[in-house]
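Spelled out, the chains give:
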Amino acid sequence: MEIPKKGGTRVLGIPDIVDRVAQAVAVMALEPNVEKVFHEDSYGYRPGRSPLDAVAACRKRCWEKNWVVDLDVKAFFDSVSWDLALEAVACHTDQKWVLLYVERWLKAPMLMPDGTLAGRARGTPQGGPISPLLANVFLHCGFDRWMAQEYPGCPFERFADDAVIHCVTERQALEVRDAVGRRFAGIGLTLHPGKTKIVCVPRAQRERSACR
């Protein structure tokens, strides 16, 4: 199923009712474990968190640091490595049925509008209950934990595959952007060249925002 989005369309892989129920059960089994370790600044598709929470944290930090790296991953949900996703899930559960079903859902072919089945080699189709959780598990290992280790002085807010990283100087922002790009390349992801930006948030702009 395709739905329109800015600049094109988004392909959804909506599971049938049996798999939707099974995915919901898998989420219930896996989510309590991963919620214990997820980064405080991961906001997307998590219980008790919202985009407004991410915006509030971002706004506060823009008062503290002048530069931000606005990250966007190109075709994230279509690019997730199955092997790395399964490895990440295995770090948080010892229930074999969860791993078996996650592997099945990841590798399932997609039914196209013309009735044919399209094989896939990577990615986690959007549209099912398990997909947002798999995205967060993957990026917890691939980005959140890595950032905390490599750049502890650069706080960030991440909502699914979008993130804002706060830096002190433009030079630091450039370094962080390039390092994240290399990190993502190593796990099969690519920063979107048109949507990933380095932005200066000068004090005057922050003051105008605070008065609104």
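Structure: above.
Since the structure is predicted, the reported quantities are computational estimates derived from the model, not experimental observations.

**Some thoughts on the overall build of the chain**
- Each helix and strand counted, the chain has eight helices and eight strands in total.
- Burial analysis of the chain (212 residues in total) assigns 42% to the buried set.
- For the chain, restricting intrachain contacts to residue pairs at least 6 apart in sequence, the fraction spanning at least 24 positions comes to 71%.
- Accessible area for the chain stands at about 11,700 Å²; split by element, carbon and sulfur atoms hold 56% of it.

**Some details on the packing of helix 4 (residues 82-90) against helix 5 (residues 96-107)**
- Packing of helix 4 against helix 5 leaves a shortest axis separation of 10 Å and a crossing angle of 155°. Accordingly, the angle class assigned to the pair helix 4 and helix 5 is roughly antiparallel. Note on packing geometry: the crossing formed by helix 4 with helix 5 is right-handed. Here helix 4 contributes Trp82, Ala85, Leu86, Val89 and Ala90 to the contact with helix 5, which in turn contributes Val98, Leu99, Val102, Glu103, Leu106 and Lys107.
- Looking at the contact of helix 4 with helix 5 residue by residue, the classes come out as nine nonpolar, no polar and two charged.

What counts and how
Residues numbered from 1 in each chain as written. Predicted model: local features only at pLDDT ≥ 70, side-chain atom pairs only at ≥ 80, totals over all residues. Heavy atoms only, no water. Helix = DSSP H or I, 4+ residues; strand = E, 2+ residues; numbered from the N terminus. Buried < 20%, exposed > 50% of the residue type's maximum accessible area, 1.4 Å probe, protein only. Contact = heavy atoms within 4.5 Å. Areas by Shrake-Rupley, 256 points an atom, 1.4 Å probe, with all protein chains shown as cover. Axes fitted to C-alpha atoms, helices over the stretch in contact; angles between N-to-C directions. Parallel < 35°, antiparallel > 145°, perpendicular 65-115°, else oblique. Left-handed = near helix turned anticlockwise from the far one by under 90°. Nonpolar A, V, L, I, M, F, W, Y, C, P; charged D, E, K, R; others polar.

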